[in-house]
Amino acid sequence: MDEILIRPIEEKDNKELAALIRAVFEEFGSEKVGTVYSDPETDALFQYFSEARSEYWVAEENGLLIGGCGIYPTKGLPEGCAELVKLYLSPSARGKKLGFRLFEKSIDRALALGYKQLYLESFPEFSKAVSMYESFGFKQLDHPLGDSGHYACTIYMLKNL
C-alpha cells in the first residue's frame, strides 16, 4: 500500500474536496438538498475551516485527495461540543482503515481544543460510517442538536469525550 498522508486542508484542496464529497452523495443516492452537497461552503472548505476552534484534515495518496474529516463549532451546539463534519472517503480509500485514522485524529484534536463532546449528523445510506461511529462510542439521539442547516439528515449522534 502506498503511503497515505494526512495533512491540514489547504486552499488548493477546495475544488477537489468538493467534487469528492458530491461524488459520495451521488454514489450512495443520498439526499442533496438540505445537506453538505448543496451548501455553498462546500466549495470553499479551506475558508470555512478558518473559523476559530475548527480544523479539517485531508488524506492524500500519490498526490490525489482521497478523503477528509474535521471538527467545527457549529452554531447552537451545547457549550463544549463540536460537530464532527465532512468525513468522506473516495471508493479507492475505503477498506484501508483510513476512516478510523481520520476519526481518531478528529477525536484527538477535539480533546486538544478543549471540547468535551462531539456531535454528528448522517443518513441511513452511510450505514458503514454509522457503524464506525457507534464503535467509537457515539450514541444515537432522537433529535438534532445545533443549527447545521442540514435539515435532510435523519441520524443524529453524540459522544462524550
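Above this text sits the structure in question.
Residues numbered from 1 in each chain as written. Predicted model: local features only at pLDDT ≥ 70, side-chain atom pairs only at ≥ 80, totals over all residues. Heavy atoms only, no water.

Q: Even after reading the chapter, I still don't get the sheet that holds strand β5 (residues 117-122), so can you show me in this structure?
A: Two orientations exist for strands paired in a sheet by backbone hydrogen bonds: parallel and antiparallel. Sheet architecture is open: 7 strands sit in the order β1-β2-β3-β4-β5-β7-β6, paired in mixed fashion. On the outer flanks of this sheet lie β1 (4-8) and β6 (139-141), each paired with one strand and no other. If you compare each strand with its neighbour and ignore which way they point, the axes differ by 25° on average. As judged from the 5 bridges shared by strand β3 (residues 64-72) and strand β4 (residues 81-89), these two strands associate in the antiparallel manner. When the bridges of β4 are listed, Tyr 72 appears paired with Glu 83. Seen against the sheet, helix α4 (residues 127-135) touches β4, β5, β6 and β7 (155-160) and runs at an angle of roughly 25° to β7. (Pairing = 2+ DSSP bridges. Helix = DSSP H or I, 4+ residues; strand = E, 2+ residues; numbered from the N terminus. Axes fitted to C-alpha atoms, helices over the stretch in contact; angles between N-to-C directions. Contact = heavy atoms within 4.5 Å.)

Q: Explanation requested: the pattern of salt bridges in the structure shown.
A: Opposite charge on two side chains permits pairing when their charged atoms draw close. The final tally for this structure, using the stated rule, is 10 salt bridges. Between Asp 43 and Arg 22 there is a salt bridge, with the nearest N and O atoms lying 2.8 Å from each other. Of the two residues, Asp 43 sits in the loop between α1 (14-28) and α2 (45-48) while Arg 22 sits in helix α1, which places them 21 residues apart along the sequence. Judged by its relative accessible area of 45%, Asp 43 is partly exposed. (Salt bridge = Lys/Arg side-chain N within 4 Å of Asp/Glu carboxyl O. Buried < 20%, exposed > 50% of the residue type's maximum accessible area, 1.4 Å probe, protein only.)

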